[in-house]
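The primary structure of each chain is shown beneath.
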Amino acid sequence: MSNRLAVNKDKKFCYDIVLEQDFSKLPEELNRLDWDLKEKKACIVTDDNVEKLYGKELANLLSPLFDKVELFSFPAGEEHKNLETVQNLYTVLIEKQFNRKDILIALGGGVVGDLTGYCAATYLRGIDFIQVPTTLLAQVDSSIGGKTGVDFSQYKNMIGAFHMPKLVYMNLSTLQELPKRQYFAGMGEVMKSALIKDGSFYEWILDKMYEICELEPKTVEEMVLTTCTIKKNIVEKDPYEKGDRALLNLGHTLGHAIEKYKNFELLHGECIALGTVCAAFISWKRELLSDDEYYEIRDMFVPFYLPITIEDIEPEKIVELTHSDKKMEKSGIKFILLKKVGKAVIDKTVTDEEMLAALGEIHFTDEDKKA
Ligand code: GLY
């Protein structure tokens, strides 16, 4: 099994995704880039949780390589993925005299990666950055493909830019330190990828359930590599989401709306699991999926401690929130449905009534509690 995937090899935006078990090879990977590192300053951008675990280690490892290494840390959590944090980072970069040849290093999960990428895309009209993802969700999804951005008011990822990283380097042993809830939330994105593109990978996940839950290193490596390969193949063909990249949004229309409705109390991957159950339900009602397929998809989230029902929601309000999502177009919401396990399709005809019925299916009501 190779531990390297080359995204867009031979084309303009090319970068490697490298899977390792520690950070020790990062200097070597940076040296492979055509950069004069001694001429560059680097700013490691991270959150306060990840800083405690790896901030010093990474700064010590990289300091001998660069002219200077700075560390910028902000409070962990989706509520800090905003323009205020971006402004604080711009201020540090200006004060430390970062110029166009200097780089940013995103060390952390999806929030850190998206926000750092957005700063890199916009500071001095764009500087280089690399991704060092430390959560499962960031390793299998958000660090790849150059989607960067921040939330704005109640709107998720509403401000952003496509800006490709120059390297994605993952130390898979960080997953062993990750709170279990975060790890399993990442499984929401892993299963999403299998469902949209790779039926045999879906079977493999079912087969390896125990090893995945136990974080068996070889199994985890194979799972991350397969999921990254699915994502790489999609973003290479459609980097700017003009077509098939939208398939990666399976479970995201209702997932994002639930995330917002619940004020980010649930993790992104947990909301994607709920959104995927809703998408599978609508697909089943449209007779794209059989009874068995629907129930199997729904129930496969359970061993990974992902929710398939939710309490205390107002379905109408959630549907209303889908109308302010980025995936909304004049012709309708770009909803992702499943034709079968391993094959997703874009559909713009999903109605509010269908979404309400799907939310009704996952809504665990007071009546359910009594029963
Ligand atoms: N996370 C979905 C995408 O990168 O397109």
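The structure under discussion appears in the preceding block.
Because the structure is a prediction, the values reported are computed rather than measured.

Conventions we followed
Residues numbered from 1 in each chain as written. Predicted model: local features only at pLDDT ≥ 70, side-chain atom pairs only at ≥ 80, totals over all residues. Heavy atoms only, no water. Helix = DSSP H or I, 4+ residues; strand = E, 2+ residues; numbered from the N terminus. Axes fitted to C-alpha atoms, helices over the stretch in contact; angles between N-to-C directions. Parallel < 35°, antiparallel > 145°, perpendicular 65-115°, else oblique. Contact = heavy atoms within 4.5 Å. Near = heavy atom within 4 Å. Polar contact = N/O pair within 3.5 Å; in protein donor to acceptor, adjacent residues only side chain to side chain. Areas by Shrake-Rupley, 256 points an atom, 1.4 Å probe, with all protein chains shown as cover. Nonpolar A, V, L, I, M, F, W, Y, C, P; charged D, E, K, R; others polar. Phe/Tyr/Trp six-rings, centres within 6.5 Å; stacked < 30°, edge-to-face > 60°. Buried < 20%, exposed > 50% of the residue type's maximum accessible area, 1.4 Å probe, protein only. Lys NZ or Arg CZ within 6 Å of the ring centre and 35° of its normal. Pairing = 2+ DSSP bridges. Patch = residues over 30% accessible without salt bridge, like charges linked within 9 Å, V, L, I, M, F, W, Y side chains within 5 Å. Salt bridge = Lys/Arg side-chain N within 4 Å of Asp/Glu carboxyl O. Disulfide = S-S within 2.5 Å. Expected span 1.5 Å × (residues − 1). Left-handed = near helix turned anticlockwise from the far one by under 90°.

A. Region of the structure containing unusual backbone geometry. Backbone geometry at Gln97 places phi at a positive 60°, although glycine is not the residue there. Tracing the chain through its elements places Gln97 in the loop between α3 (83–95) and β5 (103–108). Non-glycine residue Asn157 carries a positive phi angle of around 50°. Following the sequence through the fold, Asn157 ends up in strand β8 (residues 155–162).

B. Just the packing of helix α7 (residues 180–197) against helix α8 (residues 199–207), in detail. Two numbers describe how α7 lies on α8: the axes approach to 6 Å, and their chain directions differ by 140°. Taken together, the axes of α7 and α8 lie oblique to each other. Between α7 and α8, the contacting residues are Met187, Val190, Met191, Ala194, Leu195 and Lys197 on the first element and Gly199, Phe201, Tyr202 and Ile205 on the second.

C. Just the site of the ligand, in detail. Around the ligand lies a shell formed by Asp141, Lys147, Lys231, Glu241, Arg245 and Leu248. Measuring from a nitrogen atom of the ligand, one finds a side-chain N or O atom of Asp141 at 2.9 Å. Here an oxygen atom of the ligand and a side-chain polar atom of Lys147 are 2.9 Å apart. For the ligand, the protein covers 90% of the area, taking 200 Å² as the surface of the free molecule. By residue class, the composition of the shell around the ligand is one nonpolar, no polar and five charged.

D. Examining the packing of aromatic side chains more closely. Applying the stated criterion across every chain, the model contains 12 aromatic pairs. With 4.9 Å between their ring centres and 55° between their planes, Phe184 and Tyr305 make a pair best called tilted. Here the residue Phe184 occupies a position in helix α7, and Tyr305 occupies one in the loop between α13 (291–299) and β10 (310–311), the gap between them amounting to 121 residues. Owing to a relative accessible area of 60%, Tyr305 belongs among the exposed residues under this scheme. Between the aromatic rings of Tyr294 and Tyr295, the centroid separation amounts to 5.0 Å while the plane-to-plane angle is 55°, which identifies the pairing as tilted. Following the ring pairs from residue to residue traces out a cluster consisting of Phe281, Trp284, Tyr294 and Tyr295. Here Lys40 stacks its cationic end above the ring of Trp35, 5.0 Å away from the centre of that ring. The residue whose ring lies beneath Lys285 is Trp284, and the NZ or CZ to ring-centre distance is 4.5 Å.

E. Region of the structure containing the pairing of strand β6 (residues 128–133). Where burial is concerned, most of β6 is hidden: five out of the six residues are buried. Across six bridges, the pairing between β5 and β6 is parallel. Across the sheet, Ala106 pairs through a bridge with Gln131, a residue of β6.

F. A look at a nonpolar patch on the surface. A cluster of nonpolar side chains, namely Phe13, Phe162 and Tyr240, defines an oily patch on the protein surface of about 250 Å² accessible area. Mapped onto the fold, Tyr240 is located in the loop between α10 (217–237) and α11 (252–261). Classification of Tyr240 by relative accessible area gives partly exposed; the value is 34%.

G. Layout of the state of the cysteines. Enumeration over the complete set of coordinates arrives at zero disulfides. Of the cysteine sulfurs around Cys14, a residue in no disulfide, the closest is that of Cys228, at 17 Å. The exposure class assigned to Cys228 is buried, which follows from its relative accessible area of 0%.

H. Broad picture of α7. For α7, with 18 residues, the first-to-last C-alpha span of 26 Å sits near the 26 Å given by 1.5 Å per residue. In terms of burial, α7 is a largely internal element, 14 of the 18 residues being buried.

I. View of the packing of α11 against helix α14 (residues 315–322). At a minimum axis separation of 8 Å, α11 and α14 run at an interaxial angle of 115°. Crossing hand, α11 versus α14: right-handed. Contact with α11, carried on its side by Thr253, Leu254, Ala257, Ile258, Lys260 and Tyr261, involves Lys317, Ile318, Leu321 and Thr322 of α14 and no other residues of that element. Looking at the contact of α11 with α14 residue by residue, the class counts come to six nonpolar, two polar and two charged.

J. Representation of the pattern of salt bridges. Counted according to the given criterion, the structure contains 25 salt bridges. For Lys231, the salt bridge identified is with Asp141, shortest N-O distance 3.1 Å. Of this pair, Lys231 sits in helix α10 while Asp141 sits in helix α5 (residues 136–142), and the two are 90 residues apart along the sequence. Of the two residues, Lys231 and Asp141, neither departs from the other in class, the shared state being buried. For Arg298, the salt bridge identified is with Glu361, shortest N-O distance 4.0 Å. Pair noted here: Arg298 is in helix α13 and Glu361 is in helix α15 (residues 352–362), with a separation of 63 residues, a long-range link. Judged by relative accessible area, Glu361 falls into the partly exposed class, the value being 29%. A single network of salt bridges, built from pairs that share partners, joins Arg4, Asp16, Glu29 and Arg32.

K. Structural context of the side chain of Thr148. With respect to the secondary-structure elements, Thr148 resides in strand β7 (residues 147–152). Looking at Thr148, the relative accessible area reads 10%, which means it is buried. At a separation of 2.7 Å, a polar atom in the side chain of Thr148 contacts the main-chain carbonyl oxygen of Ala161. The contact partners of Thr148, leaving out residues within four places of it in the chain, are Asp114, Gly117, Tyr118, Ala121, Phe129, Ile159, Gly160, Ala161 and His163.

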